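An overview of the molecular structure
Given next are the chains, with one letter for each unit.
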Amino acid sequence: MSYRTPITEPDLHAYVDAQLTDSRRREVEAYLAGHPHEAATVERDIEIRQGLHALYDPVLSESVPPPLDVRPRRLIAVGVRVAAVLVLGAAGGWALKTAMAPSLDAPIVPAALDHDLVRPAAFAHQIYTTEKAHPVEVSAREEQHLVDWLSKRLRSPIRAPNLADAGFELVGGRLLPSTNRMAAQFMYQRADGARVTLYIRRGDWAGERTVFGYARHDNVGTFYWVDGELGYALSGSLSRQDLLTLSELVHRSLKP
């Protein structure tokens, strides 16, 4: 099939975001029908987009908590509320339990960490650990290439921890988008099929070092911590204690 102009990566991104004209959308769909690899990538991106909307769209309909509602009543509150959540969270954690951080088994996750690290890690875990054919982009057979590639894209040296002592073997990993940054995901699997994922990304955390925090969304538990410019989140459907043991192993293995 001939196209008015070649199908480019921006066209594929616009298709995922439903921003194409009807005629261009039909051209892109015809292109994807003949390019299965690109079609699989686009389908995965659409699933991620739909999942993110499912997680965060409900926040837009929330009312502003009374302690923060200092504006005239006739103004729309969404922008002010989001800004207040981020500022208060960055200052040490927001004590109000909102839809951004439900069902936690530990103190409320600071809003910035929850938005940029914990929730994306848990969501990516849910998406890819259930994948049978393509759970990772690069398999453990190419571990050095995987680590070098992800380190380059994150612009920070990272490593894939060895969790063999805990019975988990590296499956592989992938590059992921994470709000305004890129993130790396390493996946591990136990002999019984249980999978855990380690999510790593850079953030504006002022080089602070944090102790382990814990959150649980749906059936996915996540231990998270910050070390310098990197944030780490280990997610899995394990007991809190088992996940903590693994997190401690990861933390030790990442020390210089």
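Look a little higher up for the structure.
Structural notes, computed from the coordinates.

The backbone phi angle of A18 is positive, close to 55°, even though this residue is not glycine. By secondary structure assignment, the location of A18 is in the loop between α1 (9-16) and α2 (22-33). Exposure remark for A18: the relative accessible area of 64% places this residue in the exposed category. Of note, the phi angle at R155 is positive, near 60°, even though the residue is not glycine. Inspection of the secondary structure assignment puts R155 in the loop between α6 (143-154) and β2 (168-178). Of the residues examined, R155 reaches a relative accessible area of 61% and is grouped as exposed.

It is worth spelling out the environment of E29 at this point. Within the secondary structure, E29 sits in helix α2. E29 sits in the partly exposed class, given a relative accessible area of 31%. Residues E29 and A39, spaced 10 residues apart in sequence, show a C-alpha to C-alpha distance of 8.7 Å.

Most of strand β6 (residues 220-227) is tucked away, with 7 of its 8 residues classed as buried. In this antiparallel pair of consecutive strands, strand β5 (residues 213-217) and β6, the connection spans 2 residues, and D218 shows a positive phi of 55°. Across 7 bridges, the pairing between β6 and strand β7 (residues 230-236) is antiparallel. Looking across to β7, one finds that V226 is bridged to G231. Connecting β6 to the next strand, β7, in antiparallel fashion are 2 residues, including G228 with a positive phi near 70°.

About the criteria used
Residues numbered from 1 in each chain as written. Predicted model: local features only at pLDDT ≥ 70, side-chain atom pairs only at ≥ 80, totals over all residues. Heavy atoms only, no water. Helix = DSSP H or I, 4+ residues; strand = E, 2+ residues; numbered from the N terminus. Buried < 20%, exposed > 50% of the residue type's maximum accessible area, 1.4 Å probe, protein only. Pairing = 2+ DSSP bridges.

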